[in-house]
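One letter stands for each residue in the lines below.
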Amino acid sequence: MVIIIAKDAPESQVEHVIERLDELGFNVHRSTGIEHTVLGVIGDTTKLDARDWQMMPGVVDAYRVSAPYKQVSREFQHKSTQIKIGNLIIGGDEVHIMAGPCSIESEEQTMIIAEAVHKAGSKILRGGAFKPRTSPYAFQGMGEKGLEIIRKAADKFGMLVITEAMDAESLPLICQYTDIIQIGARNMQNFSFIKALGKVEKPIFLKRGISATIQEWLMSAEYILAGGNRNVIFCERGIRTFETYTRNTLDLSAIPVIHKLSHLPVFADPSHGTGLRDKVIPMARAAVAAGADGLMVEVHHDPEHALSDGAQSLYPQQFQEMMEQIRVIAKVVGRTIADPVK
Ligand code: PEP
Ligand code: MN
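Source: prediction; values computed, not measured.

### Side note on the domain arrangement of the protein chain
- With domains assigned, the protein chain is organised as domain 1 (2–63) and domain 2 (83–332).
- Using C-alpha coordinates to define each centre, domain 1 is positioned 44 Å away from domain 2.

### Focus: the state of the cysteines
- This model, assessed by the stated rule, comprises zero disulfides.
- Here C235 stays unpaired: no disulfide links it, and the sulfur of C102, its closest cysteine neighbor, is 13 Å away.

### Some words on empty space enclosed by the protein
- What the rule picks out here adds up to one cavity of 30 Å³ or more.
- Here the largest cavity defines a volume of roughly 40 Å³.
- Taken together, E94, V95, H96, I97, G121, S122, K123, I337 and A338 make up the full set of residues lining the largest cavity.
- For the lining of the largest cavity, a count of residues per class yields four nonpolar, three polar and two charged.

### Overview of the site of ligand 1
- Surrounding ligand 1, one finds C102, R126, K131, E164, Q182, G184, A185, R186, K207, R237, H272 and E298.
- Between R126 and ligand 1, the recorded distance is 2.7 Å, taken from a side-chain N or O atom to an oxygen atom.
- Considered on its own, ligand 1 offers 290 Å² of accessible surface; in the complex 97% of this is hidden by protein.
- Placement of ligand 1 is best described as lying within the largest pocket.
- A breakdown of the residues in the shell around ligand 1 according to their chemical character gives two nonpolar, three polar and seven charged.

What counts, and at which threshold
- Residues numbered from 1 in each chain as written.
- Chains lettered and ligands numbered in written order.
- Predicted model: local features only at pLDDT ≥ 70, side-chain atom pairs only at ≥ 80, totals over all residues.
- Heavy atoms only, no water.
- Domains from an automatic or database assignment.
- Disulfide = S-S within 2.5 Å.
- 1 Å grid on protein atoms, 1.4 Å probe; cavity = no way out; pocket = protein on both sides within 12 Å on 5 of 7 lines; lining within 4 Å.
- Points joined across faces, edges and corners; volume = space filled by probe spheres on them.
- Nonpolar A, V, L, I, M, F, W, Y, C, P; charged D, E, K, R; others polar.
- Near = heavy atom within 4 Å.
- Polar contact = N/O pair within 3.5 Å; in protein donor to acceptor, adjacent residues only side chain to side chain.
- Areas by Shrake-Rupley, 256 points an atom, 1.4 Å probe, with all protein chains shown as cover.
- Sits in = over half its atoms within 2 Å of the grid points.

What follows is the structure, given as structure tokens:
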């Protein structure tokens, strides 16, 4: 952290700031210039709040030079993290496509969709059994029955499962059925919950909060790593902006930004990112071009009757077309995408 003190501040104010830093165990590098006195704070400043120092008498400004997150940062670990789940490696050369319905609605529905996405080359089946809905009157998910169904469907086609956990209490149950735990946008800053994820053995798919800055998102991942779970996958799923045409604004620049700031893999979700079926494929192409380590895409064979997010769900045929297109793009950026299953 750097603390800047006004030119005309009395020496007693400079000394007071230095004494406080000394009490807290920091070394201080002082440089007295013509315009200002600058104090460089040396030590682990992660616990300091720059605003506390801005408020001290004589101080003009105080700001951080190092990031408040540590373990998630590229400085901490230069090499990109690869997460091994079953036979798959997330964050390696292969771009992985998680696909399936928004909600598990029935065994028949899940089997039809699982077969279609598996054939098109997806190796990870998505589907919610516990749904975080904006309205209390909307379908809330099938609960444990839904978990049983998604596991059965994934096993039938040799796929992995990703499903959402909404609270710490349901983690033991969800862990019995899933390979990857999804944390929804609405829970990204539910700190008591995300603290509990540090103690879980499964990888965490951390969706970006609806109005979260990239730094807040990185800090949420820091909670999980600091708690002992190093397997976190980021997912950009669109943020709230002044634009209302699309459901959210998919912030594709977050992909290279996360890759620069963190060693952890990052996915994109063009379904929630746009909310509109006909915008999903173009944004999926763009996300792969931007270097995403994978995508999460909603697919439904009968979206008109879907119990949630039908408008943003691709028909199986469209999903297959999307896969064909992104295979070409992946090659251009030095990545691969699995071939369709004959
Ligand atoms: C979902 O994946 O169905 C979902 C609810 O996502 P998000 O948390 O990004 O809204
Ligand atoms: Mn959804």
